[in-house]
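If you want the building blocks of each chain, they are given just below.
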Amino acid sequence: MANEPNHNQKDWPPDEQGRRFWQRTATAAAVTAGLFSLIVSAVLIVNFLRQSPSRQLLAEDAGALDNPQLIEWRSQLHQDPHNESLKQRIRGLDMQLRQDYFWRQGLNQRGGTLLLIGAAVFLIGLRLAESLRQRRVEPGESPLDAAGQRRFLSVGRWAVAAVGLVLAGSILGLALRSDESTLEAAFAALTLEAGAAVGGQATLAGGDYPDWDQLQQNWPRFRGPGGLGVRAEGDYPLNWNGESGAGIAWKSAESIKPGNSSPIVWEDRVFINGADLCPDPNLAVYCFDAASGELLWQQSMRHSPAPGEDPLEIYEDTGLAANTMVTDGRRAFAIFATGDLVGYDFQGNRLWSKALGVPDSVYGYATSLIMYRNLLLVQLDQGEPDDDKSVLYAFEAQTGNVAWQKQRPVAGAWTTPIIIRTPAGEQCLTCSDPLVISYDPADGRELWRADLMGSDVAPSPIAANGLVFVVQPYDSLYAIRPDGAGDVTKTHVAWKAEDGIPDIASPVAANGYIYLLDTGGYLTCYALADGKQQWQQEVPGGEFQSSPTLVGDRLYMLSREGVMVIAQAAPSFSILARSPLGEISVCSPAFCRGRIYIRGRQHLFCIGKSAEGEHAEP
Amino acid sequence: MSKEKKPFNRRDLLHGGLQGACLLGLGGLSGALLAGGGKAESTVWQIDPYKCVACGNCATYCVLKESAVKCVHAFALCGYCDLCTGYFEPEPAELDTGAENQLCPTGAIQRTYIEDPYYEYTIDEALCIGCGKCVKGCNAFGNGSLFLQVRHDRCLHCNECSIAAACPSQAFRRVPASQPYLLKEADHAG
Amino acid sequence: MTPLRVLTLLFLLLGVLSASASAIERFPPPEFTQHTLPETAVPVPRAAAWDYIDSVVLLAALAAASYLSLARRSRRGLFVLMLFCLLYFGFWREGCICPIGAVQNVALALFDSGYALPWVALVFFALPLVFSLFFGRSFCGAVCPLGAIQDVVVLRPVSVPRWLQHGLGLLAYVYLGAAVLFAATGSAFIICQYDPFVSFFRLSGSINMLILGACLLLIGMFVARPYCRFLCPYGALLRVVGHLSRWRVTITPTECIQCRLCADSCPFGAIEPATTTQLPAIQASDKKRLGILLALLPVLILGGGFLVSRLSVPFSRMHATVRLAEQVAREQADRTRETTDASDAFRTTGEPLESLYARALAKRRQIGRGAWLLGGFLALVLGCKAIRLAVYRRRSEYQADRGYCLSCGRCYAYCPMDPRNQQAQPIEHGDDT
């Protein structure tokens, strides 16, 4: 059948006698080549098996040349290093093993080639003989009549059903046979036993707020999920140039009001706030389409001074809109240095607003908003510790009603709180001069405090590896175990470091290391476990005010000149790329779905592939 | 190809539509992927020597009978020690080239006297099987100047490297073909 | 030799003390004045030009195969082309890159934006599909080296019963779905791992794959091209696309006289017999069956998705991170357990356990979602196949099924309407033993 009748060759086969001759020759060639191939295969198999018996005595991962006798003799030599005859024996066996090994390698190579040639000759012979065999071509299946066709299809359907059943059966069998994974249990046990504080806004599913996964996928607040400045994985651009436009997916028009706050991203939306004076403070919120950069809506409100309010003093470097917004995927909230708090829905309708009064802050109020479940937390620190003016508010996101509020005996600070999860429950960690205070975010109950801070505190706290980390500018980095109660100043500081301490940028930690980037560009790496300094590197690029971000094992550090220095993080440091924005920037970039959002002095940049090439991140 | 003209019918329309959709889909897919990775350089497999744990899988998992991975030596990093823990087995009876003292199962490392007390170690790649024994020794007690690399004159550039699949420390990765080696360098260590 | 021992111990101690990090200059490199340091040799990789050559050869071979199968109708030409492609793509290029494996590269690139798809992989993936959309599966017939190596060993093919062929043919979709799932999640490239013939092309490979390949070739002497028909994942794609092809291989160059001579000529069972009559008015029961099948399809898809999603745990173990996390978790639970190279390597990175677990669980969730899709896809394939088999078609001639026909051209010689066959000697009627 397969060897088609040779109709179309006029002189092949020439005649009956010739045909027989060629058929015999071809068969003989095929038989010879087949025998030859068999012999070669046998040699190769013997060659393969020959090394096996001695290898059975060895460990599973023994090398190709390991030999039990040799190992035995070598250990004997350790007992008796002067045994010359043993040395000679070892050398002899070693030589023999090496020669054997390379000889076998060569044999395999040559044998393989010979086998291939043998098989080719065998096949050619067989096919030739087969094609010369006299065959009768007989008419096959007759055309199908209606009943035949029906039967034909019906049998086919049953075959498909049978395959489906067999597949389903094997899937079930496999599912039942495979042992349960203990990974979830191990993960849960770890968080319970070791007292690990997993940074992040841990929330339950259900309710009018996003769940953990949604928060992880987006960049809902200052420094992203949990405020940790960490993106565990994902592929983010390395190279771009804001001036030439290379690698830039889009940039906003110039009309957005200035601000030093950072962008936040929720699915297809990017939010940012800005404000200017003309001559009264004009406070604006912008919502962009993440894919195209189109401005979907903008809303603005005016600050109305309270009666008897002092004229607004604006510190140039901070501005009116240094506070980053927060979103829960349903609403977006913004606060400004004027103390005006406002919430919008995703369509840009104002939900509610509050005037909390202009905070008394030396450099201007700059703390960003955060959320815990459906609560909007506002750390409004101002004045001096004994002024009794600092408050931590919790507003209900839907209504703006105060859920709870707590007076804080601290001075004005420029930090943003984080929510951490501990085996005992969630905590809201705040960090101001002079106290680090942890609250129960549900009701504002104080859990513990530590008297460690001083001066103008700007770096925000982070959590990693079961510890929380707070920075006293220019002075110390403290690692605190968050499982204490009351005053833990003397009891719960795990370790402390004093070299390379930043004054503005917040630290970032992951994969066993914490990184500190000071304003002068010195990057210092400590091991999380014991606070041992790993290395210190000078990051070229001038002044650094924005907080570094860790994406996988890469550090993204944005200099004030707008140059993003991207470096391989611990254990070994190396600079991978330097990508200029072309504008001054002090914001902390947002990393979301393969794109980076950076606010420069004039524009909001989206760095990444343009819309067509984009695919959802897994 | 001649094709009989048939009366136009629903089946033809469906057929044509599906065919067009297939073509469009394929074109769109290719376009999207090309636009996405348009600048992607061609890549080759390589070992990150800083991640490599010298487990020995390179010697056994390569599809080649004799692995494409071999040991290379960054001479600038080497301490030229007399007692080289990459060359000698843990407790050598004597510091000489006797087979009983050598760590390398194939004797692929050559030890040459340079000047007192320095010895140079060079690798005969024809003999090296990429087992990584010397790498382990050198990393444990030496400068780590011996390390494994995919030799691109041997590597077949499999679509999915079978050593990479077996690598315990994810040291195998694709690197740009224009920079096909990840060599250890002296200043990196400092 | 005692002083030497002491020295050794001293060195070892020194080593252990400083063993915390590798590549640290424990022993400062000497500064030679006389001796120059040798350079570390770096043999260059193969030239990028091969990518272009491969693509051009593929394009030319596809064009030639289409021309030979549709216009020239030359089995001999196709056979020579097939041998050339076997030698070039198989033995010369050693089986990499091939369109079958390229499916995985494309799947990975689609779902992992971090993976840079080599353009040549895209070309190899797309070109045969485009060609089969116009000219049928000419790629399978004469270009694919895996097909070719099976084709040359076809000796006395037996005909596989039609129902078995329908059933076994579905396995290819299972393979395709699984390959895409594992490639897209970055778990494994199973098509490449279990390529049965590439070890022949390279004359080296694992003993298991050599045995598997040899078995397939032995079977292939009697069941023609078993890999292509029942397993090949790319073949499954081409089968679907082939159904839509613009032109097709026809057995007869003119008009079928229903002589039935070609009915058994196809070793791949692709030739479908003509039907005598239009079926009498479609019966109500048939309509009902079709309706039930159509209505059942969404249920099947959901059920399939649910069923396969039960496999997310074993599936996720294909991924190195999940395997590592499970190993580490076992080691944590049972401290006496032996560690593996991978868990040792993990512990040197200093990554916290919870981070590893979280990564592994995220990967498992992703694979779980993929398993839902895979189950839905498999159910869809089964359903569509059943629906296809519930629809009657009228065929006035013996023709090759577009999906199953591999454009090998064997049937040309059987058609008495082909003038080349008429000029030749009459078919000899001898003993058929």
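Residues numbered from 1 in each chain as written. Chains lettered and ligands numbered in written order. Predicted model: local features only at pLDDT ≥ 70, side-chain atom pairs only at ≥ 80, totals over all residues. Heavy atoms only, no water.

## Observations regarding the overall build of chain A
Then, in step 1: From N to C terminus, chain A includes seven helices and 35 strands.
Then, in step 2: Buried positions account for 54% of the 618 residues belonging to chain A.
Then, in step 3: Expressed as a percentage of contacts within chain A between residues at least 6 apart in sequence, the contacts between residues at least 24 apart total 54%.
Then, in step 4: Entry remark: accessible area of chain A is about 26,200 Å², with carbon and sulfur atoms responsible for 53%. (Helix = DSSP H or I, 4+ residues; strand = E, 2+ residues; numbered from the N terminus. Buried < 20%, exposed > 50% of the residue type's maximum accessible area, 1.4 Å probe, protein only. Contact = heavy atoms within 4.5 Å. Areas by Shrake-Rupley, 256 points an atom, 1.4 Å probe, with all protein chains shown as cover.)

## Some remarks on the pairing of strand S16 (residues 418-422) of chain A
Residue and element names in this part refer to chain A.
Then, in step 1: Across the five residues of S16, four count as buried, placing the element largely inside the fold.
Then, in step 2: Summarising the sheet, S16 and strand S17 (residues 425-431) pair through five bridges and their orientation is antiparallel. Considered in S17, the bridge of Ile-420 is made with Gln-427. (Pairing = 2+ DSSP bridges.)

## Regarding the interface of chain A and chain C
Then, in step 1: Taken together, the contact between chain A and chain C spans 73 residues of the former and 93 residues of the latter.
Then, in step 2: The contact between chain A and chain C buries some 7,800 Å² in all, and 62% of this surface belongs to carbon and sulfur atoms.
Then, in step 3: At the junction of chain A and chain C, the tally comes to one salt bridge.
Then, in step 4: Across the pair C:Arg156 and A:Glu130 runs a salt bridge whose closest N-O atoms are separated by 3.2 Å.
Then, in step 5: At the junction of chain A with chain C, the criterion picks out five residue pairs in polar contact (both at pLDDT 80 or more).
Then, in step 6: Where the side of chain A that touches chain C is concerned, the elements lending two or more residues are helix H4 (84-132), helix H5 (146-177) and helix H6 (183-193) of chain A.
Then, in step 7: At 18 residues, the largest contribution of residues to the side of chain A that touches chain C is made by H5(A).
Then, in step 8: In the side of chain A that touches chain C, the residues fall into 34 nonpolar, 21 polar and 18 charged. (Buried area = accessible area lost by both parts, 1.4 Å probe. Salt bridge = Lys/Arg side-chain N within 4 Å of Asp/Glu carboxyl O. Polar contact = N/O pair within 3.5 Å; in protein donor to acceptor, adjacent residues only side chain to side chain. Nonpolar A, V, L, I, M, F, W, Y, C, P; charged D, E, K, R; others polar.)

## A few points about helix H4 (residues 99-111) of chain C
Residue and element names in this part refer to chain C.
Then, in step 1: Here H4 spans 19 Å end to end across 13 residues, near enough to the 18 Å set by a 1.5 Å rise per residue.
Then, in step 2: Of all 13 residues that make up H4, eleven are buried, and the element is covered over most of its length.
Then, in step 3: Those residues of H4 that fall on the buried side of the exposure criterion are Pro-99, Ile-100, Gly-101, Ala-102, Val-103, Gln-104, Asn-105, Val-106, Ala-107, Leu-108 and Ala-109. (Expected span 1.5 Å × (residues − 1).)

## Some details on the pattern of salt bridges
Then, in step 1: Scanning the model with the defined rule gives 30 salt bridges over all chains in all.
Then, in step 2: One salt bridge in this structure joins A:Arg91 and B:Glu100, with 2.7 Å as the shortest N-O distance. With one member in each of two chains, A:Arg91 in helix H4 and B:Glu100 in the loop between strand S2 (69-73) and strand S3 (109-115) form a pair that bridges those chains.
Then, in step 3: Classification of A:Arg91 by relative accessible area gives partly exposed; the value is 28%.
Then, in step 4: Between A:Glu498 and A:Lys496 there is a salt bridge whose closest N-O contact spans 3.2 Å.
Then, in step 5: For A:Lys496, a relative accessible area of 42% corresponds to the partly exposed category.
Then, in step 6: A network of salt bridges, in which partner residues are shared, links C:Arg75, C:Asp151, C:Arg225 and C:Arg410.

## Structural notes on the side chain of A:Ser262
All names here are of chain A.
Then, in step 1: Position of Ser-262 relative to the elements: it lies in the loop between strand S3 (248-251) and strand S4 (264-266).
Then, in step 2: According to the relative accessible area criterion, Ser-262 is buried, its value standing at 3%.
Then, in step 3: A polar side-chain atom of Ser-262 sits 2.9 Å from the main-chain amide nitrogen of Ser-588.
Then, in step 4: Residues contacting Ser-262, with those up to four places away along its chain left out, are Phe-222, Ile-272, Thr-324, Cys-587 and Ser-588.

## Points about the sheet that holds strand S33 (residues 590-592) of chain A
Residue and element names in this part refer to chain A.
Then, in step 1: Pairing in this open sheet of four strands is antiparallel, and the strands run S3-S35-S34-S33 from one edge to the other. Both edges of this open sheet fall to S3 and S33, since each of them pairs with a single strand only. Along the sheet, successive strands turn relative to each other by an average axial angle of 20 degrees, direction set aside.
Then, in step 2: With four bridges joining them, strand S34 (residues 595-599) and strand S35 (residues 604-607) adopt antiparallel strand pairing. Residue pairing for S35: Ile-598 is matched across the bridge by Phe-605. (Axes fitted to C-alpha atoms, helices over the stretch in contact; angles between N-to-C directions.)

## Here's the deal with unusual backbone geometry
It is generally the case that most residues other than glycine have a negative phi and that most peptide bonds are trans.
Then, in step 1: The step from B:Asp116 to B:Pro117 runs through a cis peptide bond, and the omega angle for that step is 0 degrees.
Then, in step 2: Along the chain, B:Pro117 falls in the loop between S3 and strand S4 (118-123).
Then, in step 3: Backbone torsion omega between C:Cys96 and C:Ile97 reads 15 degrees, so that peptide bond is classified as cis.
Then, in step 4: Structurally, the position occupied by C:Ile97 is in the loop between helix H3 (75-92) and H4.
Then, in step 5: For A:Arg593, which is not a glycine, the phi torsion comes out positive at approximately 50 degrees.
Then, in step 6: With respect to the helices and strands, A:Arg593 occurs in the loop between S33 and S34.
Then, in step 7: For B:His157, which is not glycine, the phi dihedral falls at a positive 55 degrees.

## A short note on the state of the cysteines
All names here are of chain C.
Then, in step 1: Per the stated rule, a full pass over the model turns up zero disulfides over all chains.
Then, in step 2: Lacking any disulfide linkage, Cys-85 is separated from the closest cysteine sulfur, that of Cys-144, by 9.3 Å.
Then, in step 3: Owing to a relative accessible area of 0%, Cys-85 belongs among the buried residues under this scheme.
Then, in step 4: Among the cysteines around Cys-228, which has no disulfide bond, Cys-144 carries the closest sulfur, lying 6.0 Å off. (Disulfide = S-S within 2.5 Å.)

## Some points on the interface of chain B and chain C
Then, in step 1: Across the boundary between the two partners, chain B contributes 69 residues, which contact 72 residues of chain C.
Then, in step 2: Taking both sides of the interface into account, the surface hidden between chain B and chain C amounts to around 5,900 Å²; carbon and sulfur atoms contribute 66%.
Then, in step 3: Linking chain B to chain C there are zero salt bridges.
Then, in step 4: Scanning the region where chain B abuts chain C turns up ten residue pairs in polar contact (both at pLDDT 80 or more).
Then, in step 5: Among the elements that line the side of chain B that touches chain C, the one with the most residues is helix H1 (residues 10-37) of chain B, at eleven residues.
Then, in step 6: A per-class count over the side of chain B that touches chain C returns 43 nonpolar, 14 polar and twelve charged.

By themselves these figures say nothing about function.
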